[in-house]
Structure formats: C-alpha cells, structure tokens
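# Observations on the model geometry
Listed below are the residues making up each chain.
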Amino acid sequence: MARRAAGGRGPHGDDFSFVSPAVKYVLFFFNMLFWMISMVMVAVGVYARLLKHAEAALACLAVDPAILLVVVGVLTFLITFCGCVGSLRENICLLQTFSVCLTIVFLLQLAAGVLGFVFSDKARGKVSEIINGAIVHYRDDLDLQNLIDFGQKEFSCCGGVSYKDWSQNMYFNCTAANPSRERCSVPFSCCLQDAQEAVINTMCGQGMQAMSYLEASAFIYTNGCIDTLVNWIHSNLFLLGGIALGLAVPQLVGILLAQILINQIRDQIKLQLYNQQHRADPWY
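Calculation criteria
Residues numbered from 1 in each chain as written. Predicted model: local features only at pLDDT ≥ 70, side-chain atom pairs only at ≥ 80, totals over all residues. Heavy atoms only, no water. Salt bridge = Lys/Arg side-chain N within 4 Å of Asp/Glu carboxyl O. Helix = DSSP H or I, 4+ residues; strand = E, 2+ residues; numbered from the N terminus. Buried < 20%, exposed > 50% of the residue type's maximum accessible area, 1.4 Å probe, protein only. UniProt positions renumbered as here; feature names shortened; annotations may be inferred. Expected span 1.5 Å × (residues − 1). Arc of directions from axis to C-beta. Axes fitted to C-alpha atoms, helices over the stretch in contact; angles between N-to-C directions. Left-handed = near helix turned anticlockwise from the far one by under 90°. Contact = heavy atoms within 4.5 Å. Nonpolar A, V, L, I, M, F, W, Y, C, P; charged D, E, K, R; others polar. Parallel < 35°, antiparallel > 145°, perpendicular 65-115°, else oblique.

### Focus on the pattern of salt bridges
Opposite charge on two side chains permits them to pair, given that their charged atoms come into close proximity. Per the stated rule, a full pass over the model turns up three salt bridges. In this structure, Glu90 engages Lys24 in a salt bridge whose closest nitrogen and oxygen atoms are separated by 3.1 Å. Taken as a pair, Glu90 in the loop between helix H3 (65-89) and helix H4 (92-118) and Lys24 in helix H2 (residues 21-51) lie far apart in primary sequence, 66 residues in all. In this structure Glu90 comes out as partly exposed when scored by relative accessible area, which is 30%.

Laid out in structure tokens, this is it:
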C-alpha cells in the first residue's frame, strides 16, 4: 500500500477530471445559440428604431416594440454571454450569475402569468386601453395600421368593444363637424371577406357607423376585438400552455446544466487541493 501511495497518486490520478465534457459543451452550445439570436434581436430592434425618424405612433402600445426588442436582446446577450464564457472557462462566478439571472427571468414569467390570470379584469382593462389608443393613432403610423388590419382580419372583429369604437379616430369620427371623407366609416379590414373578390374594396366600410348593428352586420364584423381575443384565448389554452412550456423548458434545462457543471467544478477544485496538500507527503 505504501508503494502505491509513493507513486504520486491519490484516490484519483492527476489526469482525472470530475468535469463532464458533455455537460460543459452542451451548455456552451446551448448558450451560443441564444447568444446569436440575441444579437439578431438587437440588430432588428435598432434598425426598426432608426427607420423612424420621428416618435412613432406605436408608442401608444405602452412600449415601443423596437425598444422592447432591443432591451430583451441586450439582456439575453448578457445572460447567455455569462453562460458561454462560464462554461468554456469553467468559471463558477459567471455560471452562478447565469443561473441566478435565468432563475429570476423564469420566476418573473411565472409571476406575470399567475397575476394575469388572477387579475384578469385589470388585464382586460389594460388591453382595452391599448386597443383604444391604437385606434386613435390608426392613421399616424403605417406599421400600426398594418398591425390593426391584420388583427381585425385574422380575428374577424372590428374595433375594441364594437365597430363604433372607430369614432374615436379623428378621420372616422361620426360627428357632423368632421370634414373627413371617411366620416362614420370603418377600415376595410372590418369588412366581411369575399373569397371570390379579386380586388379588395378599400371603401367597403363607408358609412357603417351610421348603421345599426343588424344593418351593419350584413357588411362588416360588428363584434369587438377584445371579446373575440378573450374567447380565442379560452379556446386555445392548451396551445398557449404548450408555448409557455416551450419557453420554460430551455430555461430550466439551462439552470440544471449550470448547477451540475458548478458542482463538478467544485469537486474538481477539491480534488486538486487534496492532491497538492498530499503531494509533498513522502508517504503519499
């Protein structure tokens, strides 16, 4: 036993490592993928923001999507950078930062989902406020206009609560003092779509606000987009749950791999210290 000990090896040889290359490089490439995605997000957000010289009407959506994209991209970049460098360099400090940040993001998402469910009435009121703001600024921004038209077509709805909400817009306002040619109208995206119609009639919403619900329902969608959106959410809870799970799983996998790698690095440090302490011992 003394000869084996005198050979210069402890319970594990000097070439032994607790750090698994599989865990290390899976975590590295996992972070590298999202690191590259974050750079694309920042580039797209900056480009979209610079494309608009003046303040965009999209600001009525509470947060400018371009700024939101940049902020999310920068945060993702910083977090995944810690994960990339930490896993490659086997740095416990960076890996801990990565793990803690990812845990905070996961908990914030979970809290937002729970609060949105518990305070659904307040969430509905906020959505209604955003939609009404978007209606007011409909003609001020082409991107906002395209977004609203897309939503009304996809969900077969018109306005917030009803099609008459379009009277909030200065161009579609139904008061007698409004000189606009679009007075008492609604956007063409509110119109019932005819599959056989080769050319879209952009004037199909003329004078619809002056009609009753029954009369207007023969030409346009009279249901508001808020109720339609709520009904769609209730009908697609499994789909939304799957999307939420799809976002949560990579985060949980990243946290798990980071913690495994941290424990392996700590075990490796303990082994190195053990070998250093006993290497000078003649009976080691």
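### Comments concerning the UniProt feature "transmembrane region" (unreviewed entry) in the chain
Under the local residue numbering, the UniProt record ascribes the feature "transmembrane region" (unreviewed entry) to residues 25-48, 60-88, 94-119 and 239-262. Taken as a whole, residues 94-119 contains 96% helix and 0% strand, while its terminal C-alpha atoms sit 37 Å from one another. Overall, residues 239-262 shows 100% helix and 0% strand. The separation of its end C-alpha atoms is 35 Å.

### Observations concerning helix H6 (residues 142-155)
Along an α-helix, a turn takes 3.6 residues, which lines up residues three or four apart on a common side. Counted at 1.5 Å a residue, the expected span for H6 with its 14 residues is 20 Å, and the 20 Å between its end C-alpha atoms agrees. Buried within H6 are the following residues: Leu144, Gln145, Ile148, Asp149, Gly151 and Gln152. End-on view of H6: buried residues confined to an arc of 160°, all on one side of the axis. Seen from the buried face of H6, the exposed residues on the opposite side, beyond 90 degrees, are Leu142, Phe150 and Glu154.

### Topic: the packing of H3 against H4
In contact at an axis separation of 8 Å, H3 and H4 are set at 145° when each is read in the N-to-C sense. At the point where H3 passes H4, the crossing takes the left-handed sense. Residue-level contacts link Ile79, Cys82, Gly83, Val85, Gly86 and Ser87 of H3 to Leu94, Leu95, Thr97, Phe98, Cys101, Leu102 and Val105 of H4. Partitioning the contact of H3 with H4 into residue classes produces nine nonpolar, four polar and no charged.

### A word on the packing of H2 against H3
H3 packs onto H2 with a crossing angle of 155° between their chain directions and a minimal axis gap of 7 Å. On the basis of their axis angle, the class for H2 and H3 is roughly antiparallel. Every pair of crossing elements has a handedness; the one defined by H2 and H3 is left-handed. Residue composition of the contact of H2 with H3, by class: 22 nonpolar, eight polar and two charged.

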